[in-house]
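Next come the chains, spelled out residue by residue.
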Amino acid sequence: MAKISQSYETVMVFSCKNEEAIPALVEKFTTLISDNATVDGVEEWGKRRLAYPINYETEGYYVLVNFTSAPSFPAELDRIYNITDGVIRSLIVAKAE
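Residues numbered from 1 in each chain as written. Predicted model: local features only at pLDDT ≥ 70, side-chain atom pairs only at ≥ 80, totals over all residues. Heavy atoms only, no water.

Colleague: Could you clarify how one ought to interpret the nonpolar core in this entry?
Modeller: Most often, soluble globular proteins keep nonpolar side chains buried together rather than apart. Formed by 19 residues in total, the largest nonpolar core has its most connected members in Phe14, Phe29, Ile33 and Phe67. Contributions of two or more residues to this core are made by strand E1 (6–15), helix H1 (22–36), strand E3 (57–69) and helix H2 (73–83). Of the residues forming this core, the biggest block, five residues, is contributed by H1. Residues in contact with isoleucine 33, not counting those within four places in the same chain, are Thr10, Val39, Val65, Phe67, Phe73, Leu77 and Tyr81. Counting seven residues, the second-largest nonpolar core is a separate cluster that includes Val11, Tyr62, Leu64 and Ile88. (Core = buried A, V, L, I, M, F, W, Y, C linked by side-chain atoms within 4.5 Å. Buried < 20%, exposed > 50% of the residue type's maximum accessible area, 1.4 Å probe, protein only. Helix = DSSP H or I, 4+ residues; strand = E, 2+ residues; numbered from the N terminus. Contact = heavy atoms within 4.5 Å.)

So, in structure tokens, the structure goes:
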């Protein structure tokens, strides 16, 4: 029997170069996820030091979102991360059930 939904968590790291844009990015992605999945929780970890510089930046704004969706949605979410300015790193992980 095929599963119709899977639990995932995603971490987004936003650039701190333009701090005024961060709330809009958080809103954009939480709305995108909630439109295509069931959001189980959103945690804004805030500004943290990066382990190593990315594009000459040493700090990033971290957001964790837990959600449940169809297995096809994370690929689309990853595609949108990659084409959005201000996202310096992202990770989507399927949770073990």
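After that view, the rundown keeps rolling.
Colleague: Explain the packing of aromatic side chains here, please?
Modeller: For any pair of aromatic rings, the description rests on two quantities: the centre-to-centre distance and the angle between the ring planes. In this structure the tally under the stated criterion is five aromatic pairs. An angle of 25° between the planes, with centres 5.5 Å apart, marks the rings of tyrosine 8 and phenylalanine 67 as stacked. Pair noted here: tyrosine 8 is in strand E1 and phenylalanine 67 is in strand E3, with a separation of 59 residues, a long-range link. Taking relative accessible area as the criterion, tyrosine 8 reaches 8% and is therefore assigned buried. With centroids separated by 6.2 Å and ring planes inclined at 25°, the aromatic side chains of phenylalanine 14 and phenylalanine 29 adopt a geometry described as stacked. You can see phenylalanine 14 sitting in strand E1 and its partner phenylalanine 29 sitting in helix H1, a full 15 residues away along the chain. Here phenylalanine 14 matches phenylalanine 29 in class, with each residue buried. Each member of the aromatic cluster is reached from another via a ring pair, and the members are Tyr8, Phe67 and Phe73. (Phe/Tyr/Trp six-rings, centres within 6.5 Å; stacked < 30°, edge-to-face > 60°.)

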